[in-house]
Amino acid sequence: YRGTSSGNLSLLASVGAVSSFADVFVTNGVTYYYRVAAVNGVGTGAQSNERPATPGVAATVPGAPSLDSATAGNGSVSLAWSAPVSNGGSAVTGYRVYRGTSSGTGSLLATLGTVTGYTDSTAVNGTTYFYTVSALNSVGEGVRSNERSATPSAPVTVPGAPTLNSATAGNGSVSLAWS
């Protein structure tokens, strides 16, 4: 027996001497109420207790996050990303960051919680790195994000002070030498 409101059920199917049944004529998002009753040669027995169920689309892996920036620093690269548009029907539980030294490559660098940023403090100045990020949910890991690259470097500063080695006076002049 099935109905869309509690206590208001009608016969759905007679299934024979089995102990399970799959109702495939349902609409996702609609709550259905079910009861069963046993039948023998004398007639139909009392109905069981009632149980509700709401079918829905099975969860899938999340979509790709959007890697918004990869900002180079001194021996580091700071990443920032946006959550995927689709979580696959299950909440995002974390992210994975991948890094490679050529485009389209990359191995796992870090597995993180539900943050939307990460600083790679193991980057070497002068090396160009390529980054992607993927999202995780209870089903698994989704596809990787777009790729961004950055080349960390030491900051450029003013030069240090030279050493004035000599100041030699001459006739109407002074000769200087420094290193």
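Quick caveat, the model's predicted, so the values are computed rather than measured.

So, how was this worked out
- Residues numbered from 1 in each chain as written.
- Predicted model: local features only at pLDDT ≥ 70, side-chain atom pairs only at ≥ 80, totals over all residues.
- Heavy atoms only, no water.
- Helix = DSSP H or I, 4+ residues; strand = E, 2+ residues; numbered from the N terminus.
- Rg over C-alpha atoms; globule rule 2.2 N^0.38 Å.
- Contact = heavy atoms within 4.5 Å.
- Areas by Shrake-Rupley, 256 points an atom, 1.4 Å probe, with all protein chains shown as cover.
- Lys, Arg positive; Asp, Glu negative; His and termini not counted.
- Charge placed at Lys NZ, Arg CZ, Asp CG, Glu CD.
- Buried < 20%, exposed > 50% of the residue type's maximum accessible area, 1.4 Å probe, protein only.
- Polar contact = N/O pair within 3.5 Å; in protein donor to acceptor, adjacent residues only side chain to side chain.
- Salt bridge = Lys/Arg side-chain N within 4 Å of Asp/Glu carboxyl O.

Visitor: Mind laying out the overall build of the protein, listing which residues take part and the relevant values?
Guide: The helix and strand tally for the protein stands at zero helices and 14 strands. From first element to last, N terminus to C terminus, the protein shows the α and β order β-β-β-β-β-β-β-β-β-β-β-β-β-β. Compactness check: the protein gives a C-alpha radius of gyration of 34 Å against a globular reference of 16 Å for 179 residues, more than 25% above the reference. With respect to the three principal axes, the spread of C-alpha positions in the protein is 135 × 30 × 20 Å. The long-range share in the protein, meaning contacts at least 24 apart out of those at least 6 apart in sequence, stands at 53%. For the protein, the accessible area works out to roughly 11,200 Å², and carbon and sulfur atoms hold 54% of it. Taking the average location of the 7 positive side-chain charges in the protein and that of its 6 negative ones, the two points are 6 Å from each other.

Visitor: Can you tell me about the side chain of Asp23, naming the residues and giving the values?
Guide: Here Asp23 shows up in the loop between strand S1 (2-3) and strand S2 (32-34). When its relative accessible area of 16% is taken as the criterion, Asp23 is described as buried. One polar contact links the side chain of Asp23 to the main-chain amide nitrogen of Phe25, over a distance of 3.3 Å. Side-chain polar atoms of Asp23 contact the side chain of Tyr34, separated by 2.7 Å. Not counting chain neighbours up to four residues away, the residues in contact with Asp23 comprise Arg2, Leu12 and Tyr34.

Visitor: Go over the side chain of Asp120 with me, naming the residues and quoting the values.
Guide: Its location among the elements puts Asp120 in strand S10 (residues 117-120). Since its relative accessible area comes to 0%, Asp120 is described here as buried. A polar side-chain atom of Asp120 sits 2.8 Å from a polar atom in the side chain of Arg99. At 2.7 Å, the side chain of Asp120 forms a polar contact with the side chain of Thr122. Excluding residues within four positions of it along the chain, Asp120 makes contact with Gly75, Ser76, Val77, Arg99, Leu109 and Tyr131.

Visitor: Could you give an account of the pattern of salt bridges, naming the residues involved and the relevant values?
Guide: All told, the structure shown has four salt bridges when counted by the stated rule. For the salt bridge of Glu50 with Arg35, the shortest nitrogen-to-oxygen distance reads 3.3 Å. One end of the pair, Glu50, is in the loop between strand S4 (44-47) and strand S5 (51-53); the other, Arg35, is in the loop between S2 and strand S3 (37-39), and 15 residues separate them in sequence. We note a salt bridge from Glu141 to Arg96, for which the minimum N-O separation is 2.8 Å. Of this pair, Glu141 sits in the loop between strand S11 (129-136) and strand S12 (148-150) while Arg96 sits in strand S8 (residues 94-100); the two residues are 45 residues apart in sequence, bridging distant segments of the chain. The exposure class assigned to Glu141 is partly exposed, which follows from its relative accessible area of 28%. For Arg96, a relative accessible area of 26% corresponds to the partly exposed category.

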